[in-house]
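Chains, contacts and geometry: an overview
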Amino acid sequence: MRSNQPQTIYLSDYTVPAYLVDHVDLRFELFEDGARVHSTLSIRRNPESARSDASLSLDGDSLSLQGVSLDGRELQASEYELTDDQLVIADVPDAFQLNVVTWIEPQNNTRLEGLYKSSGMFCTQCEAEGFRCITFFPDRPDVMSRFRTRIEADQTAYPVLLSNGNDVDRGELEGGRHFVTWEDPFPKPCYLFALVAGDLVEKRDTFRTCSGRDIDLRMYVEPRNAAKCEHAMDSLKRSMRWDEEVYGREYDLDIFMIVAVDDFNMGAMENKGLNIFNSSCVLASQETATDAAFQRIEAIVAHEYFHNWSGNRVTCRDWFQLSLKEGFTVFRDSQFSADMGSPTVKRIEDVTLLRTAQFAEDAGPMAHPVRPASYMEISNFYTLTIYEKGAEVVRMIHNLLGSEMFRKGSDLYFERHDGQAVTTDDFVRAMEDASGRDLAQFRLWYEQAGTPVLTVSDEFDEAAGIYRLTIRQDIPDTPGQIDKKPQHIPFALGLLGSHGEPLPLRLAPDDQDAPDERVLELTDAEHTFEFHGVDERPVPSLLRHFSAPVRVQYPWTREQLLFLMSHDPDGFNRWDAGQRLTVDVIQSLVGTPKDTPVEPRLVTAYRHLISDSGLDQALVAKMLQLPSEAYLIELSESADVPAIHEARERVLKHLAIALRDELVACYRRNGESGAYEVTPEAVARRSLRNTALSWLLAINDEEARELAVRQFRGADNMTDHMGALRALVNSDYEDDRTEALATFYEQFQDDPQVVELWFSVQASSDRAGQLPQIRELMAHPAFDWKNPNKVRSVVGAFAGQNLAAFHHADGSGYEFLADQVCRLDDSNPQIAARLVTPLTRWRKFAPAYSASMRAALERIRDKKGLSRDVYEVVHKSLAD
Ligand code: TRP
Ligand code: ZN
């Protein structure tokens, strides 16, 4: 595709745009064999630009230019230069109108960037740099314009024509065609532009804002999905209310639209007034969506809605500032989800993702700061670091300032920068100015990559009644960054007495009303804290609520972990202690003979969790999830995946055998109760019964087999349906597995979202997802290379979740993945680059594995015409 070696773009090279575009007038003529795009730009020289020459450069990608005129005069080919990716006009006036006509082929656009077709409808994805695939434009977020968009298409095939803002005109045209004109009163960067044309049904609702304005809410979906909109619509209304109440943010346009499309590279997109969603992130019904999907949809609808302020009204100056909108918006949506459900459970889920996947990214070849200093392909930087670590950084500011000051800071930020394109530094400055706190050292969180390691040691001076805690921080080297400075780390802790009672944290002997939880602020490489008036050695509860995105190392004994598991007043740390204990037990068994005894106290601890129905069941449901293989790999130095897999299975089976009767009782106690709802209690019940089922089937329990078959046949919701299917698929009952998979497909074959679940339950199972079976899935009629969800549910699930199969000792899993990446690279480079991720971690694995992973990467590197997306990931992974 590109013959030249991709260029690196540096933050330090940033300069303001030479020209601004005040107004954009677009006219789309949509046809089956292509689309003609007429664009009229009102351009003027940027008074803030220091550039002296008068040449205008516009970005363009895969465009066929049909004409350019300047102030009404058609330009000759000699008056402009057309390069691979730009249109350059040598000499332009200080202010002028430019008309550009381009021809594009949405029907052949498999990259899903720019204007493309998905199940018969036209739709767009312009973030980050897709607008340049539609027309020539200064495609950078600090150029903000008012857009007016006229869409023309066949009336029968495309009755619904949508763009940003308000519909101001519509009418019929010759030849059975019609048009609608949209006007967006808010200036915006072109990455927020959107267009949709299709035969869609409309679901309407309204929302009255805090100032009494009535907003028209509209969802557009294919007719077959009409019954799957309610949950997203309800989530939208909850989000709108919440943003008013918690952030004082009111919606600004009169219409808010959501569209569902089947082919989409990511989850969803916050285009102004016209959010576009991956179908799997918006459509739900009790029968077809799991609890996890319901919760994900609520969170993503909220996320995109919240972007209207954190992203759209205040946007990014350049793509290095991506976390300005993404980190802040993820923080906002996680606060929202916590408020809508169980805050502890939400925290556990966020931290699980962070520790499993973001920590791995931060320790790998693509490690980058929350505000990167350079990139080759910006699409590769929509990462867990930008999103999840970015959200943790905002959360730390929130915790350092307290919610009141944080709110003052966000108010100031929105007010000061409304309508502007700004930087993460502007965000931090608003927080400083509102609160009076100095965040100078804190800013290092944006600049330094790598997960800080906190090494904690303690000492009890019985005679003096002093408990000393020493905390050292080290930030590991990452590509291009060594010898890092200590960061400002909020460290929440408590101390527990021998009966589990919280001890007052006296930092001085005469500290009278000392609290029993404190947030210590670490700023130096090492600190020692003294706690006074302590008369027995306490058990420390460290980094409560996961108050900073760091690794904590402390020589916990198993006694201490068991103690924290049942006594820590912080629910998050109770869960964390259970995870640490289980990790420790599994790690100690890796590579040992099969009859090595399993820590008996682990059984006692899990028995207590399963049997004591007085405990918070939502928390218990999480505590019963054993640490994943991915997390165990992340924690190891030189991972032997089959050995880790075997040890984890051994522990699971050991627990299931020892707790067999308790599990059956737990299953029965958590049977169905009443109508389906997605409350923390109901979700916990379903999670507990499905966990019990899967553990029991792992040990071939005959009674559980019957329970599973009965649940599979009788389930009235997808969580239980899938729970039973998954348990059967992962069992040794081959006939039941085959039959259940066939019945399930038969029942749901017309529902793409459920078929994706059906693919992934097989592809992620070491029973049903060995390589030959994966190849069969890819030959299945429902598999589609052009649909990213299908690729993710088979190839992504195999390489990302079926780890023992993927890391087969013969290297076949790696070869397979390399083949798929090469194949996808031509059609959809964004998805291809994401699919490479598991291979990029080759340094983490035992030598035999890492050598063949490396070989697979080299094979991808040598493919002809490699996209910039895959090029960057592969080259950085192979660099030493
Ligand atoms: N801004 C989108 C979000 O809400 C991210 C996104 C959606 C995206 N589609 C994309 C990024 C395509 C890159 C390419 O997080
Ligand atoms: Zn986002």
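Residues numbered from 1 in each chain as written. Chains lettered and ligands numbered in written order. Predicted model: local features only at pLDDT ≥ 70, side-chain atom pairs only at ≥ 80, totals over all residues. Heavy atoms only, no water.

1. What about the coordination of the zinc ion (ligand 2)?
Those donors, His303 (NE2), His307 (NE2), Glu326 (OE) and Glu326 (OE), are the protein atoms that reach the zinc ion (ligand 2), and they lie 1.9 to 2.8 Å from it. All donor residues of the zinc ion (ligand 2) come from one chain, and their arrangement in sequence is H-x3-H-x18-E. A residue pair is termed long-range when its members are at least 10 positions apart, and His307 in the loop between α2 (291-306) and β22 (315-316) and Glu326 in helix α3 (residues 322-340) qualify at 19 residues. (Donors = N, O, S within 2.8 Å, 3.2 Å for Na, K, Ca; no water. Helix = DSSP H or I, 4+ residues; strand = E, 2+ residues; numbered from the N terminus.)

2. Focus on the packing of helix α5 (residues 384-417) against helix α6 (residues 424-435)
Packing of α5 against α6 leaves a shortest axis separation of 7 Å and a crossing angle of 105 degrees. One way to sum up the angle between α5 and α6 is to call them roughly perpendicular. In this structure, α5 contributes Val394, Ile397, Leu401, Met405, Phe406, Lys408, Gly409, Ser410, Leu412, Tyr413, Arg416 and His417 to the contact, and α6 contributes Asp426, Phe427, Val428, Arg429, Ala430, Met431, Asp433, Ala434 and Ser435. Of the residues assigned to the contact of α5 with α6, the class counts are 12 nonpolar, 4 polar and 5 charged. (Axes fitted to C-alpha atoms, helices over the stretch in contact; angles between N-to-C directions. Parallel < 35°, antiparallel > 145°, perpendicular 65-115°, else oblique. Contact = heavy atoms within 4.5 Å. Nonpolar A, V, L, I, M, F, W, Y, C, P; charged D, E, K, R; others polar.)

3. Examining the pattern of salt bridges
One pass over the full model with this rule turns up 87 salt bridges. When the shortest N-O distance is used, the salt bridge between Glu113 and Arg111 registers 3.4 Å. Given the relative accessible area of 12%, Glu113 is considered buried. What you see here is one network of salt bridges that share partners, running through Arg27, Glu29, Arg36, Arg150 and Glu152. (Salt bridge = Lys/Arg side-chain N within 4 Å of Asp/Glu carboxyl O. Buried < 20%, exposed > 50% of the residue type's maximum accessible area, 1.4 Å probe, protein only.)

4. Let's talk about the UniProt feature "domain: Aminopeptidase N-like N-terminal" (unreviewed entry) in the protein
According to UniProt, the "domain: Aminopeptidase N-like N-terminal" (unreviewed entry) feature falls on residues 23-192. Secondary structure content for residues 23-192 is 0% helix and 56% strand, and the end C-alpha separation is 14 Å. (UniProt positions renumbered as here; feature names shortened; annotations may be inferred.)

5. Brief notes about the site of ligand 1
Lining the immediate surroundings of ligand 1 are 15 residues, of which Glu127, Ala268, Glu270, Glu304 and Tyr387 lie closest. In the environment of ligand 1, a nitrogen atom lies 2.7 Å from a nitrogen or oxygen atom belonging to the side chain of Glu270. Tyr387 places a polar side-chain atom, nitrogen or oxygen, 2.5 Å from an oxygen atom of ligand 1. Burial of ligand 1 by the protein chains amounts to 97% of its free accessible area of 370 Å². Mapped by element, the contributors of at least two residues to the shell around ligand 1 are β20 (268-269), α2 and α3. For the shell around ligand 1, the per-class residue count stands at 6 nonpolar, 4 polar and 5 charged. Split by domain, the residues of the shell around ligand 1 number at least three in each of domain 2 (200-308) and domain 3 (321-447). (Near = heavy atom within 4 Å. Polar contact = N/O pair within 3.5 Å; in protein donor to acceptor, adjacent residues only side chain to side chain. Areas by Shrake-Rupley, 256 points an atom, 1.4 Å probe, with all protein chains shown as cover. Domains from an automatic or database assignment.)

6. Looking at unusual backbone geometry
For the peptide bond that leads from Glu127 to Ala128, omega is -5 degrees, which places it in the cis range. Among the structural elements, Ala128 can be located in the loop between β11 (121-125) and β12 (145-154). Although it is not a glycine, Ser62 sits at a positive phi angle of roughly 55 degrees. As for its position among the elements, Ser62 is in the loop between β4 (56-59) and β5 (64-70). Unlike most non-glycine residues, Leu112 shows phi in positive territory, near 60 degrees.

7. Some points on the pairing of strand β29 (residues 526-531)
Burial of β29 is one-sided: the residues His527, Phe529 and Phe531 facing one way are buried, the residues Glu526, Thr528 and Glu530 facing the other way are not. Note: strand β26 (residues 466-474) against β29, 6 bridges, orientation antiparallel. Note on β29: the bridge partner recorded for Tyr467 is Phe531. (Pairing = 2+ DSSP bridges.)

8. Focus: the domain arrangement of the protein
Entries for the protein in the domain assignment read domain 1 (1-199), domain 2 (200-308), domain 3 (321-447) and domain 4 (466-555). Inter-centroid distance (C-alpha atoms) of domain 1 to domain 2 is 26 Å. Listed per partner, the contact involves 30 residues of domain 1 and 23 residues of domain 2. A combined buried area of about 2,100 Å² lies between domain 1 and domain 2, and 61% of that area is made up of carbon and sulfur atoms. At the surface where domain 1 touches domain 2, the tally comes to 0 salt bridges. Summed over the shared surface of domain 1 and domain 2, the result is 7 residue pairs in polar contact (both at pLDDT 80 or more). Elements supplying a minimum of two residues to the side of domain 1 that touches domain 2: β10 (114-118), β11, β13 (160-163), β14 (166-173), β15 (177-188) and β16 (195-198). Looking at the side of domain 1 that touches domain 2 element by element, the count peaks at 5 residues for β15. Across the side of domain 1 that touches domain 2, the residue classes tally to 15 nonpolar, 9 polar and 6 charged. (Buried area = accessible area lost by both parts, 1.4 Å probe.)

9. Structural notes on the UniProt feature "domain: Peptidase M1 alanyl aminopeptidase C-terminal" (unreviewed entry) in the protein
Taking the UniProt record as the reference, the feature "domain: Peptidase M1 alanyl aminopeptidase C-terminal" (unreviewed entry) is found at residues 559-879. Measuring from the first to the last C-alpha atom of residues 559-879 gives 44 Å, for a span that is 73% helix and 0% strand.

10. Looking at the environment of Arg429
As for its position among the elements, Arg429 is in helix α6. On the accessibility criterion, Arg429 (34% relative accessible area) is partly exposed. Linking Arg429 and Ala440, residues 11 residues apart in sequence, is a C-alpha distance of 9.3 Å. Apart from residues lying up to four places away in sequence, Arg429 is in contact with Arg416 and Arg443.

11. Looking at the pairing of strand β2 (residues 19-31)
For β2 and strand β3 (residues 34-45), the ladder comprises 12 bridges, and the chain directions are antiparallel. Residue pairing in the sheet places Glu29 in a bridge with Arg36 of β3. Here β2 folds back onto β3 in antiparallel fashion, the turn holding 2 residues. Sheet topology note: the β2/β12 ladder contains 7 bridges and is parallel. Residue pairing in the sheet places His23 in a bridge with Arg146 of β12.

12. Considerations on the sheet that holds β15
Taking strand neighbours across the sheet as the criterion, the 8 strands line up as β6-β5-β9-β3-β2-β12-β15-β14 in an open arrangement whose pairing is mixed. Every interior strand has two partners, whereas the edge strands, β6 (73-74) and β14, have only one. As paired elements, β3 and strand β9 (residues 95-104) share 10 bridges and run antiparallel to each other. Looking at the pairing, Arg44 lines up with Ala95 of β9.

13. As for the sheet that holds β29
Sheets are built from strands paired through backbone hydrogen bonds, the pairs being either parallel or antiparallel. The mixed open sheet is built from 4 strands, whose spatial order is β29-β26-β25-β31. The open sheet is flanked by β29 and β31 (551-553), the only strands paired with a single partner. Neighbour-to-neighbour, the strand axes of this sheet turn through a mean angle of 20 degrees, independent of strand direction. With 3 bridges connecting them, strand β25 (residues 453-461) and β31 associate as parallel partners.

14. Examining the packing of helix α17 (residues 718-729) against helix α18 (residues 734-748)
Remark: α17 packs on α18, axes separated minimally by 8 Å, with the N-to-C direction vectors making an angle of 145 degrees. Helix-helix and strand crossings are classified by hand; for α17 and α18 the assignment is left-handed. Contact residues: α17 offers Met718, His721, Met722, Leu725, Leu728 and Val729, while α18 offers Asp736, Arg737, Ala740, Leu741, Phe744, Gln747 and Phe748. (Left-handed = near helix turned anticlockwise from the far one by under 90°.)

15. Regarding the packing of aromatic side chains
In the structure shown here, the tally under the stated rule is 46 aromatic pairs. Between the aromatic rings of Phe131 and Phe137, the centroid separation amounts to 5.1 Å while the plane-to-plane angle is 80 degrees, which identifies the pairing as edge-to-face. You'll find Phe131 and Phe137 in the same group, each marked buried. With 6.5 Å between their ring centres and 35 degrees between their planes, Phe712 and Phe744 make a pair best called tilted. You can see Phe712 sitting in helix α16 (residues 702-714) and its partner Phe744 sitting in helix α18, a full 32 residues away along the chain. (Phe/Tyr/Trp six-rings, centres within 6.5 Å; stacked < 30°, edge-to-face > 60°.)

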